[in-house]
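Descriptive structure summary
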Amino acid sequence: MSQRFRTSRRALAAAAATAALTLTLAACGSGSDSGMSGMDHSATPSASASASASASAPGDDMASMPGMEPVSAGNGLAAAKDGYKMASSAATVPAGKATAYRFAITGPDGKPVTGFAVDQTKRMHFYAVRSDLTGFQHLHPTMAQDGTWTVPLAALQPGTWRLYASFTPDSGAGKGKGFVLSRTVKVSGMAMAAPLPKASGTATVDGYTVSVKGDPMAGMAHQLTATITKDGKPVTDLQPYLDTYAHLTAFHQGDLAFAHLHPETEVDGDHGGPTLGFHAEFAQSGNWRMFLQFQTGGKLHTASLTLHVG
């Protein structure tokens with residue numbers, strides 16, 4: 001009798017653990033494209049702009065272990081979340097020429113939001129990337145008094161592009177909460193998809209070599225370390241860019257999910273480098289295209305490389 005009781009208790013405990021793990025995985029992988037799927041080839045849905053942050057239950061063993069904190073749910077693939085919406089009437093953009101793209105962020109009351117908190121010196125960060133993970137742009141639009149944002153997009157190549165707005169409301173129901181919302185646009189013309197470069201820990205740009213080290217796993221918080229050298233020598237003259245020495249953005253191959261990557265190196269004058277740390281959260285495994293931006297001598301450099309997440 002006692003033996004059967006102990007066996008039953010073990011079975012119930014195992015079932016409870018399995019159920020908890022299933023719920024955690026479901027939370028980490030949640031997030032829809034809100035009807036804007038449409039990324040040709042290697043493009044958008046994953047984990048960044050639209051899905052609420054997953055909260056771990058009290059006593060969750062994973063949450064209590066260093067480096068095992070669950071990542072925020074949300075992948076930047078939805079146009080609306082928690083009552084906030086990225087609204088735009090533009091569904092197409094002309095190819096081969098600079099374009100002023102306009103949009104607004106509306107709140108739960110349906111009205112344009114005009115109060116935004118400053119994050120890394122800007123009230124709005126805007127990203128554009130084509131479905132094959134080429135053509136990356138990181139811009140900072142300007143807002144009119146009526147809440148309309150205008151972003152000066154450089155010439156786009158034909159294909160499907162996803163445009164992301166990253167912001168934090170400064171008032172209302174979402175005050176203090178970070179959002180990443182996105183929409184897709186079509187650029188007319190024949191799209192020629194470029195193959196995604198193989199995963200590599202190094203990239204070169206403008207004579208600089210960028211090396212990224214880390215062993216990230218999906219669903220966990222990890223640290224990535226970027227080291228910048230030139231002609232084999234450490235670079236120590238990085239200038240502040242957006243209140244940091246380097247800005248890192250990543251998108252998932254196949255759906256263009258947006259990853260949350262935050263700099264950990266504090267700015268201390270115009271002598272940053274050569275090594276910089278980043279807090280990284282990747283919601284799913286696979287290849288991620290990373291874009292590292294840094295500034296020297298008043299010039300902004302953008303290095304791109306492919307990182308595989310297990």
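Because the structure is predicted, anything quoted here is derived from the model rather than measured.

This paragraph deals with the packing of aromatic side chains. Enumeration over the complete set of coordinates arrives at 17 aromatic pairs. Between Y208 and F294 the ring centres are 5.4 Å apart and the planes differ by 80 degrees, which places this aromatic pair in the edge-to-face class. Of the two residues, Y208 sits in strand β12 (residues 208–213) while F294 sits in strand β18 (residues 286–296), which places them 86 residues apart along the sequence. Both residues of the pair, Y208 and F294, belong to the buried class. Grouping aromatic residues by their ring pairs yields a cluster made of Y127, F136, Y164, F251, F258 and F291.

Core analysis: the largest hydrophobic core is formed by 30 residues, its most contacted members being L224, I228, F282, L292 and F294. Mapped onto this core, the elements with two or more residues apiece are β11 (202–205), β12, β13 (221–230), β15 (247–252), β17 (275–281), β18 and β19 (299–309). Setting aside chain neighbours within four positions, we find L224 in contact with V212, K213, G214, P216, L248, L276, G277, F278, A280, F282, M290 and L307. Formed by 24 residues, the second largest nonpolar core is a distinct cluster that contains V113, L139, F179 and V187.

Attention now moves to the sheet that holds strand β4 (residues 99–106). With respect to topology, five strands assemble into an open sheet ordered β1-β2-β4-β8-β7, the strand pairing being antiparallel. For this open sheet the edge positions go to β1 (80–81) and β7 (142–143), each flanked by a neighbour on one side alone. Bridging between β7 and strand β8 (residues 148–153) involves two bridges; their strand directions are antiparallel. Each residue of the ladder has a partner; that of M143, found in β8, is W149.

What follows is about the side chain of E281. When you line up the elements, E281 lands in strand β17. One buried charged residue, E281, remains without a salt bridge, the closest side chain of opposite sign being K81 at 13 Å. Only 2.9 Å separates the side chain of E281 from the side chain of H279, close enough to count as a polar contact.

This paragraph deals with the environment of V267. As for its placement among the helices and strands, V267 is situated in the loop between β16 (260–263) and β17. Once residues lying within four places of it in the same chain are set aside, the contact partners of V267 are P240, D243, T244 and Y245.

Below, the discussion takes up the sheet that holds strand β5 (residues 125–130). Spatially, β3-β10-β9-β5-β6 is the arrangement adopted by the five strands of the open sheet, whose pairing is mixed. A single partner strand is all that each edge strand has here, and the edge strands are β3 (92–93) and β6 (137–139). Pairing geometry for strand β9 (residues 159–167) and strand β10 (residues 179–187), over nine bridges, is antiparallel. For A165, the partnering residue across the bridge sits in β10 and is L181.

Note: β18 against β19, 11 bridges, orientation antiparallel. Within the sheet, the bridge partner assigned to W288 lies in β19 and is L307. Between β18 and β19, which pair antiparallel one after the other, the connecting turn spans two residues, and G297 there sits at a positive phi close to 55 degrees.

The subject of this paragraph is unusual backbone geometry. Residue P274 is reached from G273 by a cis peptide bond, and omega for that bond is 0 degrees. If you trace the backbone, P274 turns up in the loop between β16 and β17. Its identity as a non-glycine residue notwithstanding, D82 has a phi of 50 degrees, on the positive side. Here L133, not a glycine, exhibits a phi torsion of approximately 70 degrees, which is positive. Here L133 is to be found in the loop between β5 and β6. Judged by relative accessible area, L133 falls into the buried class, the value being 3%.

So, how was this worked out
Residue numbering note: each chain is counted from 1, following its sequence as written. Selection of residues for local features in this predicted model requires a pLDDT of at least 70, selection of side-chain atom pairs for listing and counting requires 80 or more, and totals for whole chains, interfaces and linings are taken over all residues. Where side-chain values are given, they derive from all heavy atoms of the structure, hydrogens and water being excluded. Stacked, tilted and edge-to-face pairs are distinguished by plane angle, under 30 degrees for stacked and over 60 for edge-to-face with tilted covering the rest, among Phe, Tyr and Trp rings (Trp via its six-membered ring) whose centres lie within 6.5 Å. Each helix is a run of DSSP H or I of at least 4 residues and each strand a run of E of at least 2, with the numbering of both proceeding from the N terminus. Between buried and exposed lies partly exposed: a residue is buried under 20% and exposed over 50% of the maximum accessible area for its type, with that area taken using a 1.4 Å probe on protein chains only. To qualify as a nonpolar core, a set must consist of buried Ala, Val, Leu, Ile, Met, Phe, Trp, Tyr and Cys residues joined through side-chain atoms within 4.5 Å. Any two residues whose heavy atoms approach within 4.5 Å at even a single point are treated as in contact. The pairing criterion for strands is at least two bridges between them, as found by DSSP. None of His or the chain ends enter the tally, which takes Lys and Arg as positive and Asp and Glu as negative. The salt bridge definition used is simple: a Lys or Arg side-chain nitrogen within 4 Å of an Asp or Glu carboxyl oxygen. Residues adjacent in sequence count toward polar contacts only when both atoms are side-chain atoms; beyond that, a polar contact is any pair of N or O atoms within 3.5 Å, and within protein one must be able to donate a hydrogen and the other to accept it.

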